Amino acid sequence: MIGELLHAPLAIDDWLDLGGADSFLRSGLPRVLLRDLRRGRWSIQDHVDLHGMNRHEAHQQVALFLADSLAVGKRCLRIVHGRGNGSPGREAILRQLVKVWLGRCKDVLAFCHAPACDGGDGALWVLLKGRGKPR
């Protein structure tokens, strides 16, 4: 779960598979889920801004943000990672890493870049699993 996100080593295959992807949909889920997320059919319930953080700080912040959101039943989130303009060499390291971290988290169903009015390629919209019904 969230522990996987914080402690799993970063494999080069993960980096290559997700780092450049514009979107992600967990295997076995209907494509309509990602389409609805892209079209804004889910309301953003919370957001986190990673500007100014290094990769270690951002990693911890993303893991805590996801855990807190799951705990209170939030499903649709915005993660602002930036475009890398303030990074050495102007490389979008966090943009790539956040996608890898999200793809590893079993509670993440899908993600996509936000529309231009909501951060564009400097932000992601993320859809989490819902809480199971209490018995």
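Conventions we followed
Residues numbered from 1 in each chain as written. Predicted model: local features only at pLDDT ≥ 70, side-chain atom pairs only at ≥ 80, totals over all residues. Heavy atoms only, no water. Core = buried A, V, L, I, M, F, W, Y, C linked by side-chain atoms within 4.5 Å. Buried < 20%, exposed > 50% of the residue type's maximum accessible area, 1.4 Å probe, protein only. Helix = DSSP H or I, 4+ residues; strand = E, 2+ residues; numbered from the N terminus. Expected span 1.5 Å × (residues − 1). Phe/Tyr/Trp six-rings, centres within 6.5 Å; stacked < 30°, edge-to-face > 60°.

(A) Just the nonpolar core, in detail. Grouped together as the largest cluster of nonpolar side chains are 21 residues, with contacts concentrated most on Ile79, Leu102 and Val126. Breaking this core down by element, the ones donating at least two residues are α4 (55-71), β3 (76-80), α5 (93-104), β4 (108-113) and β5 (123-128). Counting residues in each nonpolar core, the second largest holds 13 residues, with Leu34, Leu37, Val80 and Ala110 among its members.

(B) Seen up close, α5. End to end, α5 covers 17 Å across 12 residues, agreeing with the expected 16 Å (1.5 Å per residue, within 8%). In terms of residue burial, α5 counts as a mostly covered element, since 9 of its 12 residues are buried. Within α5, the full set of buried residues consists of Leu94, Leu97, Val98, Lys99, Val100, Trp101, Leu102, Gly103 and Arg104.

(C) Main features of the packing of aromatic side chains. Scanning all chains against the criterion turns up 1 aromatic pair. Their ring planes at 20 degrees and their centres at 5.3 Å tell us that Phe24 and Phe111 sit as a pair that is stacked. With Phe24 in strand β1 (residues 23-25) and Phe111 in strand β4, this pair connects stretches of sequence that are 87 residues apart. In this pair, the class of Phe24 matches that of Phe111, namely buried.

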